[in-house]
Amino acid sequence: MHPSNWKIGLPLALVTAFMWALLPIALKGLLDSMSASTATWYRFVGAAVLAGTYYGWTRQLNLRQLFERGMLPLTIIAVVGLLTNYLTYASGLHFITAGAAQIVIQLAPLLLLTSSVIWLGEHFSSRQWLGVAMVVAGLPLFFNQRLTELVSGANNSYLLGLGLIVVAAVGWAVYGFFQKKILGRAKPQDLLVLIYIAGTLCFLPMADPLSALELDWLGWGLLVFLTANTLIAYGAFTKALAHWEASRVSATLALVPLLTLGMGTLIGAAWPGYIEVEPMNWISWLGAAAVASGSLFAAIGRGR
């Protein structure tokens, strides 16, 4: 851990926030020309090649320990959890807007915190309970213009999309929970590179790699961006934690859903035919702010 330096930590945290905020917008645009499984497969291929090459060249990989007798069950569950997250998140974006996906996926860290309380004996502070309450209250406010059709079942495709994003949140929480146990004996890059390799192999039967040949210049740009996004975002995130307090990095990343909504609104106004934009009124924005603030309070715990 380097001495705290916001001049380095803040820009790196903002890079991570913008990359994660742009992710669903770019993925939503690509899904018009490519299936979710194919887009996900390309993301894993790019990450496996680039990360595997870098960490292998610098001799920072030791995958063998992940397959030891005591570690293998934990490794399998963590891998399945994150693969589920990637695929169901991309699939859910077929049916709902990028902004809605970013709001619902905020359930993931709350599910992780809840599982840590139940199975790891961790304790919630009053601030974290307030955060949970704000997220629970913010979700119906955000979807206030869709509540009638969601409750009546008039929009089954949107309900399916929301359900897939909830499954994605559960998958990420499962990954995060077992990652906590694994990282006591292995390095983060070991688990991530293994997941990239596993994703490349598991999603290949469902993918259609040759469909990339039919992409136009925009499609190729989105595919390259999505392939690089994970590595850039997680690299900046790791460096930010090395130079700045984790609570302040978490506070910066709480902006992600609001950034997605803001950029989606701007893109929708400037380029109406690119992606569908979530209909927003002042109650929706209030709900989005409540969800983002609740995620922040839950994440920083007892920190200042």
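Refer to the structure presented above.
Criteria and thresholds
Residue positions are given per chain, counting from 1 as you read along its sequence in written order. In view of the model being predicted, local features appear only for residues whose pLDDT reaches at least 70, and side-chain atom pairs are presented and counted only at 80 or more, with totals across whole chains, interfaces and linings using the full set of residues. To get the side-chain values, take all heavy atoms of the structure and skip hydrogens and water. Note on conventions: DSSP H or I runs of at least 4 residues are helices, E runs of at least 2 residues are strands, and numbering of each starts at the N terminus. We call a residue buried when its accessible area falls under 20% of the maximum for its residue type, exposed when it is over 50%, and partly exposed in between, using a 1.4 Å probe and counting protein chains only. In this analysis, two residues are considered to be in contact whenever any of their non-hydrogen atoms come within 4.5 Å of each other. Take the number of residues in a helix, subtract one, and multiply by 1.5 Å to get its expected span. A pair of Phe, Tyr and Trp rings is counted when the ring centres sit within 6.5 Å of each other, with Trp represented by its six-membered ring. The angle between the planes then sorts it: under 30 degrees is stacked, over 60 is edge-to-face, the rest tilted. Residues belong to a common nonpolar core when they are buried Ala, Val, Leu, Ile, Met, Phe, Trp, Tyr or Cys residues joined through side-chain atoms within 4.5 Å. Here a polar contact is taken to be a pair of N or O atoms separated by no more than 3.5 Å, where protein atoms must pair a possible hydrogen donor with a possible acceptor and residues adjacent in sequence count only if both atoms sit in side chains. Whenever a helix is involved, its axis is fitted only over the stretch in contact; in every case the axis is a line through C-alpha atoms, and angles between N-to-C directions fall within 0 to 180 degrees. By definition in this entry, angles of less than 35 degrees are roughly parallel, angles greater than 145 are roughly antiparallel, angles of 65 to 115 are roughly perpendicular, and the rest are oblique. Each crossing is labelled by how the near helix is turned from the far one, with a counterclockwise turn of less than a right angle marking it left-handed and a clockwise turn marking it right-handed. Throughout this entry, Asp, Glu, Lys and Arg are counted as charged residues, while Ala, Val, Leu, Ile, Met, Phe, Trp, Tyr, Cys and Pro are counted as nonpolar. The remaining residues, Gly among them, count as polar. Patches here: salt-bridge-free residues with over 30% relative accessible area, like charges joined within 9 Å, nonpolar side chains (Val, Leu, Ile, Met, Phe, Trp, Tyr) joined within 5 Å. Here the Shrake-Rupley method, with its probe set to 1.4 Å, supplies the accessible areas, and only the displayed protein chains count as covering residues. One speaks of a salt bridge when a side-chain nitrogen belonging to Lys or Arg is within 4 Å of a carboxyl oxygen belonging to Asp or Glu.

### Quick look at the overall build of the chain
Looking only at helices and strands, the chain features 13 helices and zero strands. Scanning the chain from its N terminus toward the C terminus, one meets helices and strands in the order α-α-α-α-α-α-α-α-α-α-α-α-α. The principal-axis extents of the C-alpha atoms in the chain amount to approximately 55 × 50 × 40 Å. Relative to its 304 residues, the chain shows a buried fraction of 48%. Long-range contacts, defined as pairs at least 24 residues apart, comprise 87% of the intrachain contacts of the chain with a sequence gap of at least 6.

### Describing helix 9 (residues 188–203)
With 16 residues, helix 9 should cover 22 Å at 1.5 Å per step; its first-to-last C-alpha distance of 22 Å lies within 8% of that length. In terms of residue burial, helix 9 counts as a mostly covered element, since twelve of its 16 residues are buried. Of the residues making up helix 9, those classed as buried are Q189, D190, L191, L192, V193, L194, I195, Y196, A198, G199, T200 and F203.

### Describing the packing of aromatic side chains
What characterises a pair of aromatic rings is the spacing of the ring centres plus the angle enclosed by the ring planes. Within this structure, the stated rule accounts for eight aromatic pairs. The interplanar angle of 40° and the centroid separation of 4.7 Å between the aromatic rings of F44 and Y86 together place this pair among those described as tilted. Here Y86 lies in helix 3 (residues 72–92) and F44 lies in helix 2 (residues 36–57), a separation of 42 residues in the sequence. As far as burial versus exposure is concerned, F44 and Y86 are alike and both buried. Relative to F178, the ring of F177 has its centre 5.2 Å away and its plane inclined at 80°; by these criteria the two rings are edge-to-face.

### Notes on the nonpolar core
Counting residues in hydrophobic clusters, the biggest one holds 85 residues, and the most contacted among them are L27, L30, M34, Y89, F143, I182 and I195. Here the element with the most residues in this core is helix 8 (residues 156–182); it accounts for ten residues. Apart from the residues lying within four places of it in its own chain, the contact partners of I182 are L66, M71, L74, T75, A78 and L191.

### Notes on helix 13 (residues 282–300)
For helix 13, built from 19 residues, the straight-helix expectation of 27 Å at 1.5 Å per residue is met to within 8% by its first-to-last C-alpha distance of 27 Å. For helix 13, the complete set of buried residues consists of S284, G287, A288, A290, V291, A292, G294, S295, L296, A298 and I300. A side-chain oxygen of the first residue of helix 13 lies 3.2 Å from the backbone nitrogen of I283; this N-cap is N281.

### Let's talk about the packing of helix 3 against helix 8
Helices that pack against each other are described as a pair by the angle of their axes relative to one another and the distance between those axes. It is at 7 Å that the axes of helix 3 and helix 8 come closest, and there the two elements cross at 155°. The angle between the axes of helix 3 and helix 8 places the two elements in the roughly antiparallel class. The handedness of the crossing between helix 3 and helix 8 is left-handed. Grouping the constituent residues of the contact of helix 3 with helix 8 by class yields 15 nonpolar, nine polar and one charged.

### Points about unusual backbone geometry
One non-glycine residue with positive phi stands out, namely R59, at about 60°. Relative to the helices and strands, R59 is located in the loop between helix 2 and helix 3.

### Description of a nonpolar patch on the surface
The grouping of F67, L72, I76 and V80 at the surface amounts to a nonpolar patch, some 350 Å² of accessible area in total. Tracing the backbone through its elements, the reader meets I76 in helix 3. Taking the relative accessible area as the measure of exposure, I76 reaches 46% and is therefore partly exposed.

### Focus: the environment of V193
Summarising the element assignment, V193 is placed in helix 9. The spacing of V193 and I8 is 185 residues in sequence and 26 Å in space, taken between C-alpha atoms. Those residues in contact with V193 that sit more than four places away from it in its chain are A51, G52, Y55 and L61.

### Notes on the pattern of salt bridges
A complete count under the given rule lists four salt bridges for this structure. With a closest N to O distance of 3.3 Å, E68 and R185 form a salt bridge. Of the two residues, E68 sits in the loop between helix 2 and helix 3 while R185 sits in the loop between helix 8 and helix 9, which places them 117 residues apart along the sequence. E276 is paired through a salt bridge with R146; the nearest N and O atoms lie 3.7 Å apart. Taken as a pair, E276 in the loop between helix 12 (256–270) and helix 13 and R146 in the loop between helix 6 (126–142) and helix 7 (147–152) lie far apart in primary sequence, 130 residues in all. Its relative accessible area of 45% is what places E276 among the partly exposed residues. The buried category is assigned to R146, whose relative accessible area is 9%. Connected via shared salt-bridge partners are R146, E149, E276 and E278.

### What to know about the side chain of R146
A polar contact of 3.3 Å, which involves the side chain of R146, links it to the side chain of Y158. Those residues in contact with R146 that sit more than four places away from it in its chain are T97, N155, Y158, E276, E278 and P279.

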